[in-house]
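Coordinate analysis (summary)
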Amino acid sequence: MGPQGYAPWAPGLGEVLARLHAELPGRKFLVAEIGLGGEDDARRTAYLSDALEEVRRALAGGMDITGVHLWTGVDNYERLDGHTVPFGLFDRDRTPKPSAHLVRSFLRG
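Source: prediction; values computed, not measured.

Rules used in this analysis
Residues numbered from 1 in each chain as written. Predicted model: local features only at pLDDT ≥ 70, side-chain atom pairs only at ≥ 80, totals over all residues. Heavy atoms only, no water. 1 Å grid on protein atoms, 1.4 Å probe; cavity = no way out; pocket = protein on both sides within 12 Å on 5 of 7 lines; lining within 4 Å. Points joined across faces, edges and corners; volume = space filled by probe spheres on them. Nonpolar A, V, L, I, M, F, W, Y, C, P; charged D, E, K, R; others polar. Pairing = 2+ DSSP bridges. Helix = DSSP H or I, 4+ residues; strand = E, 2+ residues; numbered from the N terminus. Right-handed = clockwise from strand over helix to strand, strands pointing away. Contact = heavy atoms within 4.5 Å. Phe/Tyr/Trp six-rings, centres within 6.5 Å; stacked < 30°, edge-to-face > 60°. Buried < 20%, exposed > 50% of the residue type's maximum accessible area, 1.4 Å probe, protein only. Arc of directions from axis to C-beta. Expected span 1.5 Å × (residues − 1). Polar contact = N/O pair within 3.5 Å; in protein donor to acceptor, adjacent residues only side chain to side chain. Core = buried A, V, L, I, M, F, W, Y, C linked by side-chain atoms within 4.5 Å.

**Some thoughts on the layout of surface pockets**
Computed from the structure, the largest pocket encloses a volume of approximately 190 Å³. Along the walls of the largest pocket sit 16 residues, with Tyr 6, Pro 8, Gly 35, Leu 36 and Trp 71 positioned nearest its centre. The class makeup of the residues in the lining of the largest pocket is 11 nonpolar, 4 polar and 1 charged.

**Things to note about the pairing of strand E2 (residues 64–70)**
In this structure, strand E1 (residues 28–34) lies alongside E2, joined through 5 bridges in parallel fashion. Along E2, the bridge assignment pairs Val 31 with Val 68. This β-α-β element, E1 to helix H2 (residues 41–60) to E2, shows right-handed connectivity.

**Remarks on the environment of Pro 96**
If you trace the backbone, Pro 96 turns up in the loop between E2 and helix H3 (98–108). Along the backbone, Pro 96 and Gly 73 are 23 residues apart, and their C-alpha atoms lie at a distance of 9.5 Å. With near-sequence residues (within four places) excluded, Pro 96 lies in contact with Leu 89, Phe 90 and His 101.

**Overview of the packing of aromatic side chains**
Under the criterion given, the structure shown has 2 aromatic pairs. Each residue in the set Tyr 6, Trp 71 and Phe 87 is aromatic and connected to the rest through ring pairs, giving one cluster.

**Some points on H3**
Turning to H3, its buried residues number three or more, namely Ser 99, Ala 100, Val 103 and Phe 106. Buried residues along H3 cover an arc of 120° about the axis, so they all sit on one side. Exposed residues on H3 whose side chains face more than 90 degrees from its buried face are Pro 98 and Arg 108. On its buried side, H3 packs onto H2 and E2.

**Some thoughts on H2**
Here H2 spans 28 Å end to end across 20 residues, near enough to the 28 Å set by a 1.5 Å rise per residue. Along its buried surface, H2 packs onto helix H1 (10–23), E1, E2 and H3. With a side-chain oxygen lying 3.2 Å from the backbone nitrogen of Ala 42, the N-terminal cap of H2 falls on Asp 40. Just past H2, the residue Gly 62 takes up positive phi, approximately 100°.

**What to know about the nonpolar core**
Judged by nonpolar contacts, the single largest core of 19 residues is most densely connected at Leu 13, Leu 17, Val 31, Ile 34, Val 55 and Ile 65. For this core, the secondary structure elements donating two or more residues are H1, E1, H2 and H3. When residues in this core are grouped by element, the largest group, 6 residues, is from H2. The contacts of Ile 65, once residues within four sequence positions are left out, are Leu 17, Phe 29, Val 31, Val 55, Ala 58 and Leu 59.

By themselves, these figures tell us nothing about what the structure is for.
Here it is as structure tokens:
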């Protein structure tokens, strides 16, 4: 569980994508947010790797996914938690974290 009580579950993303693809054939989709907050970027990287693999599987299965929004590019202020829960691929000084390198590898395919 993440520091805000969210339970990261990449296979769940895969299940939702598969169901949407089956129930709404021919539609375009946008994955609104994937990410994991907390200080442990190794955990964020592992989760993003699994979640992006689910997106890759959906694309390979013919789903038209027009984009994926990550939560988030740069550590920022969260309304309920201030600056205490980092989510970004980059820290507030704009230094890339290992999770940023993972996303770059995914984008380069």
